[in-house]
Amino acid sequence: MKKVLSLIQSTEDESEYYNNNNNNNNNNRLNQQNLPSSTSNSNFFISPKKEFRSSVPNLQTLTKYSSNPTLNYNSNPNPIFSSQEVNSSTSKINLQRKKIQLPNKVYFNGDLFNTTLLKAQITHPAFFKWRMKDRMKTNCVGLVLCLNIGVDPPDVVKTNPCARLECWLDPLATPPQKSVDMIGKALESQYQRWQNKGRYKVSLDPTIDDVKKLCQSLRRSAKEERVLIHYNAHGVPKPTNNGEIWVFNKNYTQYIPLSLHDLQEWVLAPSIFVFDCSSAGLIVNWFLKFAQQRDKTERKYGNYQFESFQSDSILLVPCSAGETLPMNAELPADLFTCCLTTPIKMALRWFCSNNSLKTLPLDIVDKVTGKLNERQTALGELNWIFTAVTDTIAWSTLQQDLFKKLFRQDLLVASLFRNFLLAERILRACNCTPISHPKLPATHQHPLWQAWDLAVDLCLSQTIENGDNPNYEYKPSPFFAEQLTAFELWLDYGGDTKKPPMHLPIVLQTLLSPKHRLRALNLLGKFLDMGPAAVNQALSVGIFPYVLKLLLSPGSDLRRILVFIWTKVLALDKSCQVDIVKDNGHLYFINCLSNPNATDLKAMAAFVLSVILSDHNAGQIACLSANLITICLNQFTESDAVLRKWAVICLAKLWENFEDAKIAAIKESAQEKICALLSDSSPEVRTAVIFAIGTFLGSTELNEQRTKIELNLALTLPAALSDASWMVRKELVITMSRLIAVHEERFKEAIADIVVEDLNANNQALKDKTKARKRDSLAAPSANALVVRQQYTVFAHVWRVLNTLCEDPFNEVSSLAQKLVETLKIKVCGPLYLEMVTPQSQLQSQSQMQSQKISKRASNITVLVRPNLQNQSGGAQVEQLSAQTLEEAQAAVQAAAAASNSSTNKIRQSINLSDAPIQLTSTLYDYYCLQFSKPSFKQPKDSEIPTIFSDKNWRRPRIKIAIAEAKELKERYSPNTQKRIDDQIAILDNDSKIPTCLMFHPYENLLVAADEIDCISIWNWEEHNKANSFKNQNRQGVRISSLALINEYDESVLAIASDDGSVKLWKGFKHPDTTMTITSWQALNEAVSKTRNVGVVITWQQENGLLAAGGDANVIRVWDVEKELQIIDVVTGSPTPVTCLTDDRNGGNVLVSGHFDGSVRLFDIRASEKQNTISMIEHDSCVVNVAVPKSDYKIFSGTARGQIKIWDIRALHNPCITIKGNTTAMTCLTVHDYLPIIANGSQSQKVSFLSYTGELLNTVRYHDGFLGQRVGPISCISFHPLKPILAAGATDSILSLYQLNPN
């Protein structure tokens, strides 16, 4: 409980510190991606109410999480001191903890280092296709009115009074014939509001022939477009049960049936039918039955090109079978037609007559001012709101494909279906069930109808209040502002649901209003930022033409959010480039890129322009004429790395397969300026530069100038060979493949001799062929021959670079280079390739190699961490190779033989590659585009675990407690306490693999062990089981020589150095399912002596993000892992290799190295080369290890002869302390970071523990009592950085752990 209370005391400080850190990290992330800043209230990206909260959990909550064994940082399964001692020091630990500062920088934490994502196929999920490829028009409309005014149908009994109005006209007010003409013209006028450019034909009280002529005429005019037939049957009987409707004879003395089958024959498809009559459901049933029969017949006769009546016909009817149209006198007789053609007037009248709260006169409807097409007026705003409401109802209830067909394919059809939703609401209240084909779900009780009623109520209230005053100022409705607020709430609290937001169509309509446009765009941008699915939904609802039109807006207030929206749209669908260029929208983004005041938008604008240019010749021509090359070159000096990257990619896409742009770039010396960025601090910029050079290569007309330029580029490219970024090196392989493809014939001539020599070809015919080919190339005028020789020299250099890349430590790079090299060899040698690479020769070489390794291993089987140290150990015993080891070696030879046969089969199959293209395809651009598809800013949810327990904020308080406990342990420990490190707590069997390197994770119960071959084992030393095991994927014959831990305070990364100079970084190494290589590179490649085989040793500086590597070279190379660049080469000044390396552990600016000649040297990487080295030559034999405890300012070094020296790093001029370790050969040395204890292992199968004064504290015989055995010299030891625990490994593959004995 005391620990819980102490945790509560410091929770508030912790939460505030880490929440501020989280906010800073997210703000940095925003700046890196050039997202809009939070400078105004209208910006949606950072909401003051939704910042990362700093909330202190109550005691119950805290106890709940503390009781979880995985979250209890105070658990101590192996107590060193009694509980009374621990409780008495709790307050001191908390005081120390408050003073502890942990590094905030985390490295290799992003998608750039997620190789699983990079290697995956870069495609979006299969989203709904939003673009309307089959857009249609309904320009031909036929209006068929069967009214027969004055004569009621025989099967209809009308009430008295009865509904009489047709098209809002009283047919009995004028003579019948005149009334029919007026109604026909009125109906035509009502349809023209929705389609004013259509061709209308009206047939009043027609005969069958009249209907036939009308339909056939409309079909001829419409061609492949849709035809609309509106049928009003208020003056004829109901449809029959045989699929017939009624018309008249010529004398109007009889009703004549018209078959729906005949009507289909005349109108054909696509078509839309509106049947306004009673019992109209019969029409739908028979129409679909006839359409199905017709479709079946067409398919039977093999006509698959016909228009399907069932799918391409649309029907709208007011009631189902057996239902009669409403006869309420307050409603028009053609209620369904009025809803479809005059929805606002009908909705207002319906509201007035059905308002239960107050009685409104019907004539108030006619007093609503304005016009339907003027949104600033009352009538226009109602029409605007009605469109938004009906669109939203349809969007939220229909499937996307049906919504697209009915509400986005055809303007007239979309208007009719919006109005049909109103008709359904009104007619269902009149006990009628409107029917449509395609069938729609019921929408009459949708909650948005309430919002519509409120808008109507407010509008009519204003009309009543102002009476007959025609000059009153209309107050706009709060409808759109309220709906935007609702959408904002959905974004804040409902954005994680899979269902699309209901309010998207309303947001679309709000973009039409200057008053709400900025807020709507901000909310839309926040929605699009949720990912590709959100972008697809927005495009499906129809947002594209709106944001495209806004590119013509001159206002600067929309620029920030508009550019952001377009990055999201184009990241999903690059086909929008055509529409942008067609409307000159590219100029908008070019202006943003060239605007010095829009620095936060430039990277996004450059990305948009790159999409416009990608594989789009019209876009390239348009942007080249707008001086885009100069604008992009000017961005190279900007401080923003993301902007520099996209400026380079923009140029790459501009001149890709576009000769005019390449010529213009040469005039601007663009290729020289872009090569200067090969040393840029950002690895993504350097990768983009290689990509741009690759797209620059090649020309339709290669002249001498272009050839010279490309050869110079070919000589510049190998500078990227030593880059630490694997993406740079991968792009280098792809760019070189393009260079080779452009100059394929000359390249094959240049490397022919080299390939034949490398393959040991004893084929005189092939040699004569290659010599003849080269002789023909040089048998030209002298000037041309000189150019050819220059090309041969350059191409030979490129070939050597490619072969170097074949041995790249990163598998994806090496496999790509090997594929290219093998393809080139096949193309050079042709069918003779098999004669030069035979199974017998390969198997013989493999066997010889394995035999050499076995004999070497048998003669040098001391198997220490560094076998060469044996020469300096002073008479150490050499043990013989065990039978088990010989069996392993024989098995390895057999495996090599099998691998050789497999390799030969692959070579035979690869002959088919002779016709394969040389040029490789880059996916870099697609991956960079994918970054814009991801959410840019995600806020935490209130329902999540309290902030203090979330990932980093849970881990770091635990780390501080562990460090504070280690400091307390140091204060309470004394060599006089007689407490020794001899309590054996674990014995781990490393599966017959001899451990060579050991390393504890300081804050997790993990022990990392590297063996002599290529395997890494991750042990949970507390539970005595192996958590993970994986291969380092080294080349054959390469061993692991050093380990380091990156991000020990966060998600750790394991750095593994091998004796070939490579360093590989592994992420997620704690579990088999998450283990992956994130990067690897050649950290050291200048060899001094390979005979001693010291290997590569590394040390990591978390504070500075620097990794130093030394070994068989005369330099210590320091790398900046964040920039993935070499920053300095520290000259060791010693003719012998570096055998061990560390840093000062406090500032990270001083390196300490031990050497083969016995010298210990200090290097200050901040100082100049002449002043940065202090050399101390005190030892008489090879230095086994140097150590600098984290809690002290001392340097410890030990040699193979057992000599240990101690220096004070603050007073190196003072004499050092010399103590004697093991009397026999010392194989390893380590010093605890907090306890004054030195441990060293030897070949005499024991570990000795010494004090800083040289006093022998105790000796541990290697795994005493374990089956009575005492075998194997100690190969490696390691102290836990915080706990008094030591791990020791030996040549018998056993790992043993000891801790400070509490007794």
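Residues numbered from 1 in each chain as written. Predicted model: local features only at pLDDT ≥ 70, side-chain atom pairs only at ≥ 80, totals over all residues. Heavy atoms only, no water.

Participant: What is the right way to look at the overall build of the chain in this model?
Facilitator: Looking only at helices and strands, the chain has 42 helices and 36 strands in total. For the chain, with 1303 residues in total, the buried portion stands at 58%. In the chain, the proportion of contacts linking residues at least 24 apart, taken out of those at least 6 apart, comes to 67%. A total of about 55,200 Å² of accessible surface is found on the chain, and carbon and sulfur atoms cover 49% of it. (Helix = DSSP H or I, 4+ residues; strand = E, 2+ residues; numbered from the N terminus. Buried < 20%, exposed > 50% of the residue type's maximum accessible area, 1.4 Å probe, protein only. Contact = heavy atoms within 4.5 Å. Areas by Shrake-Rupley, 256 points an atom, 1.4 Å probe, with all protein chains shown as cover.)

Participant: Would you mind going over the pairing of strand E5 (residues 255–259) with me for this structure?
Facilitator: The two faces of a sheet get side chains in turn, since along a regular strand they alternate between them. Summarising the sheet, strand E4 (residues 244–248) and E5 pair through five bridges and their orientation is antiparallel. By the bridge assignment for E5, Phe248 is matched with Tyr255. Between E4 and E5, which pair antiparallel and follow one another directly, the connecting turn spans six residues, one of which, Tyr252, has a positive phi of 60°. (Pairing = 2+ DSSP bridges.)

Participant: Can you help me understand helix H8 (residues 260–267) in this one?
Facilitator: A turn of α-helix holds 3.6 residues, and therefore any two residues three or four places apart point the same way. Restricting attention to buried positions, one finds in H8 the residues Leu260, Leu263, Gln264, Trp266 and Val267. All buried residues of H8 project into a common sector of 165° when viewed along the axis, lining one side. The opening residue of H8, the one whose side-chain oxygen lies 3.1 Å from the backbone nitrogen of His261, is Ser259. (Arc of directions from axis to C-beta. Polar contact = N/O pair within 3.5 Å; in protein donor to acceptor, adjacent residues only side chain to side chain.)

Participant: Before we go on, may I ask you to explain the packing of aromatic side chains in this structure?
Facilitator: Any pair of aromatic rings gets described here by the distance separating the centres and the angle formed by the planes. Across all of its chains, the model carries 35 aromatic pairs by this definition. Among the aromatic residues, ring-to-ring pairing joins Phe336, Trp395, Phe403, Phe407, Phe417 and Phe420 into one connected group. Lying across the ring of Tyr928, Lys645 places its NZ or CZ 4.3 Å from the centre. Lying over the aromatic face of Phe696, Arg706 brings its terminal NZ or CZ to 5.6 Å of the ring centre. (Phe/Tyr/Trp six-rings, centres within 6.5 Å; stacked < 30°, edge-to-face > 60°. Lys NZ or Arg CZ within 6 Å of the ring centre and 35° of its normal.)

Participant: Hey, could you run me through the sheet that holds strand E28 (residues 1203–1208) in this one?
Facilitator: In a beta sheet, neighbouring strands pair by backbone hydrogen bonds and run either parallel or antiparallel. Strand order in the open sheet formed by four strands is E26-E27-E28-E29, with antiparallel pairing between adjacent strands. The open sheet has two edge strands, strand E26 (1183–1187) and strand E29 (1217–1220), and neither has a second partner. Mean inter-strand twist for the sheet, computed between neighbouring axes without regard to direction, equals 20°. For E26 and strand E27 (residues 1194–1199), the ladder comprises four bridges, and the chain directions are antiparallel. (Axes fitted to C-alpha atoms, helices over the stretch in contact; angles between N-to-C directions.)

Participant: Honestly, helix H29 (residues 659–667) in this entry has me stumped. Any pointers?
Facilitator: Of the residues making up H29, those classed as buried are Glu659, Ala661, Lys662, Ala665 and Ile666. On an axial view of H29, the arc spanned by its buried residues comes to 160°, and they lie on one face. Ser669 lies just past H29 and shows a positive phi near 55°.

Participant: What's the story with the nonpolar core in this structure? I'm lost.
Facilitator: A general trend in soluble globular proteins is that nonpolar side chains are found buried together. If you look at the biggest cluster of nonpolar residues, it comprises 250 residues, and the most contacted ones within it are Leu263, Phe275, Trp452, Trp566, Phe589 and Leu628. For this core, the element with the highest residue contribution is helix H13 (residues 378–397), accounting for 11 residues. In contact with Phe589, not counting residues within four places along its chain, are Leu551, Val563, Trp566, Ile580, Ala605, Val608, Leu609 and Ile612. Of all hydrophobic cores here, the second largest spans 24 residues; its members include Tyr107, Val1063, Leu1065 and Ala1113. (Core = buried A, V, L, I, M, F, W, Y, C linked by side-chain atoms within 4.5 Å.)

Participant: Can you help me understand the pairing of strand E17 (residues 1076–1082) in this one?
Facilitator: Burial of E17 is extensive: six of the seven residues sit out of reach of the surface. With six bridges joining them, strand E16 (residues 1062–1067) and E17 adopt antiparallel strand pairing. Directly across from Trp1066, in E17, lies its bridge partner Thr1077.

Participant: Hey, could you run me through the pattern of salt bridges in this one?
Facilitator: Opposite charge on two side chains allows them to pair when their charged atoms are near. With the rule as written, the count across this model stands at 36 salt bridges. Two residues, Glu749 and Arg746, come together in a salt bridge whose shortest N-O distance is 3.9 Å. Placement of both Glu749 and Arg746 in helix H34 (residues 744–758) is noted, with a separation of three residues, approximately one turn of the helix. Judged by its relative accessible area of 10%, Glu749 falls in the buried class. Salt bridges here are not isolated pairs; linked through shared partners, they connect Asp391, Arg408 and Arg418. (Salt bridge = Lys/Arg side-chain N within 4 Å of Asp/Glu carboxyl O.)

Participant: What is the right way to read unusual backbone geometry from this model?
Facilitator: Comment: phi is negative for the bulk of residues other than glycine, and the bulk of peptide bonds are trans. In this chain, Asn160 is followed by Pro161 through a cis amide linkage whose omega measures 5°. With respect to the secondary-structure elements, Pro161 resides in the loop between strand E1 (140–145) and helix H6 (176–192). Here Ala269 and Pro270 are connected by a cis peptide whose omega angle stands at 5°. Tracing the sequence through the fold places Pro270 in the loop between H8 and strand E6 (271–276). Notably, Asn657 is not glycine yet its phi reads approximately 55°, a positive angle. Residue position: Asn657 is located in the loop between helix H28 (641–655) and H29. Its identity is not glycine, yet Ser1293 carries a phi of approximately 70°, on the positive side.

Participant: Is there a simple way to think about the sheet that holds E1 in this case?
Facilitator: Strand order in the open sheet made by the six strands is E2-E1-E3-E6-E7-E8, with mixed pairing throughout. The sheet is open, and its two borders are formed by strand E2 (199–204) and strand E8 (435–437), each paired with just one other strand. Direction aside, neighbouring strands of the sheet carry axes that sit 10° apart on average. Examined bridge by bridge, E1 and E2 share six bridges and lie parallel to one another. Counted as the bridge partner of Leu145 is Leu204 from E2. In this fold H6 packs onto E1, E2, strand E3 (227–232) and E6, with an angle of close to 155° to the strand it touches most, E2.

Participant: What exactly am I supposed to notice about the packing of helix H22 (residues 559–572) against helix H24 (residues 586–594) here?
Facilitator: Geometry of a packed helix pair, given as the angle between the helix axes and the separation of the axes. At a minimum axis separation of 12 Å, H22 and H24 run at an interaxial angle of 120°. The two elements H22 and H24 cross, and the hand of that crossing is left-handed. Here Arg559, Leu562, Val563 and Trp566 of H22 come into contact with H24, specifically with Tyr588, Phe589 and Cys592. Across the contact of H22 with H24, the residue classes tally to six nonpolar, no polar and one charged. (Left-handed = near helix turned anticlockwise from the far one by under 90°. Nonpolar A, V, L, I, M, F, W, Y, C, P; charged D, E, K, R; others polar.)

Participant: So what exactly am I meant to see when it comes to the state of the cysteines here?
Facilitator: In protein structure, a disulfide is the covalent linkage between the sulfur atoms of two cysteines. On inspection of all chains with the given rule, the structure shows zero disulfides. Unpaired in terms of disulfides, Cys650 finds its nearest cysteine sulfur in Cys632, a separation of 3.9 Å. (Disulfide = S-S within 2.5 Å.)

Participant: Help me understand the confidence of the model for the chain, please; the structure alone is not making it clear to me.
Facilitator: Caution applies to low-pLDDT parts of the model: their predicted coordinates are not meant to be read in detail. Across the chain, pLDDT averages 80, with 76% of residues at or above 70. A low-confidence stretch, residues 1–90 (pLDDT under 50), is modelled with 135 contacts involving residues beyond four sequence positions or located in other chains. When the criterion is pLDDT under 50, residues 777–783 qualifies, and its contacts beyond four places in sequence or with other chains add up to eight contacts. (pLDDT = per-residue confidence, 0-100.)

Participant: Can you walk me through the environment of Gly1221 in this structure?
Facilitator: Here Gly1221 lies in the loop between E29 and strand E30 (1226–1231). Residues Gly1221 and Gly1254, spaced 33 residues apart in sequence, show a C-alpha to C-alpha distance of 7.9 Å.

Participant: It is not clear to me how the side chain of Asn990 should be interpreted in this structure. Could you clarify?
Facilitator: With respect to the secondary-structure elements, Asn990 resides in the loop between strand E9 (981–989) and strand E10 (995–1000). There is a polar contact of 3.0 Å between the side chain of Asn990 and the backbone oxygen of Lys993. Leave out the neighbours within four places in its chain, and Asn990 touches Pro995, Asp1011, Ser1017, Trp1019, Ser1293 and Leu1295.

Participant: Whenever I open this one, the environment of Arg1117 confuses me. Can you help?
Facilitator: Structurally, Arg1117 is set in strand E20 (residues 1115–1120). Relative accessible area serves as the criterion here: at 5%, Arg1117 is assigned to the buried category. At a separation of 2.7 Å, a polar atom in the side chain of Arg1117 contacts the side chain of Asp1129.

Participant: Please explain the environment of Asn712 as it appears in this structure.
Facilitator: Its location among the elements puts Asn712 in helix H32 (residues 704–716). It is 8.7 Å that separates the C-alpha atoms of Asn712 and Val794, two residues lying 82 residues apart in sequence.

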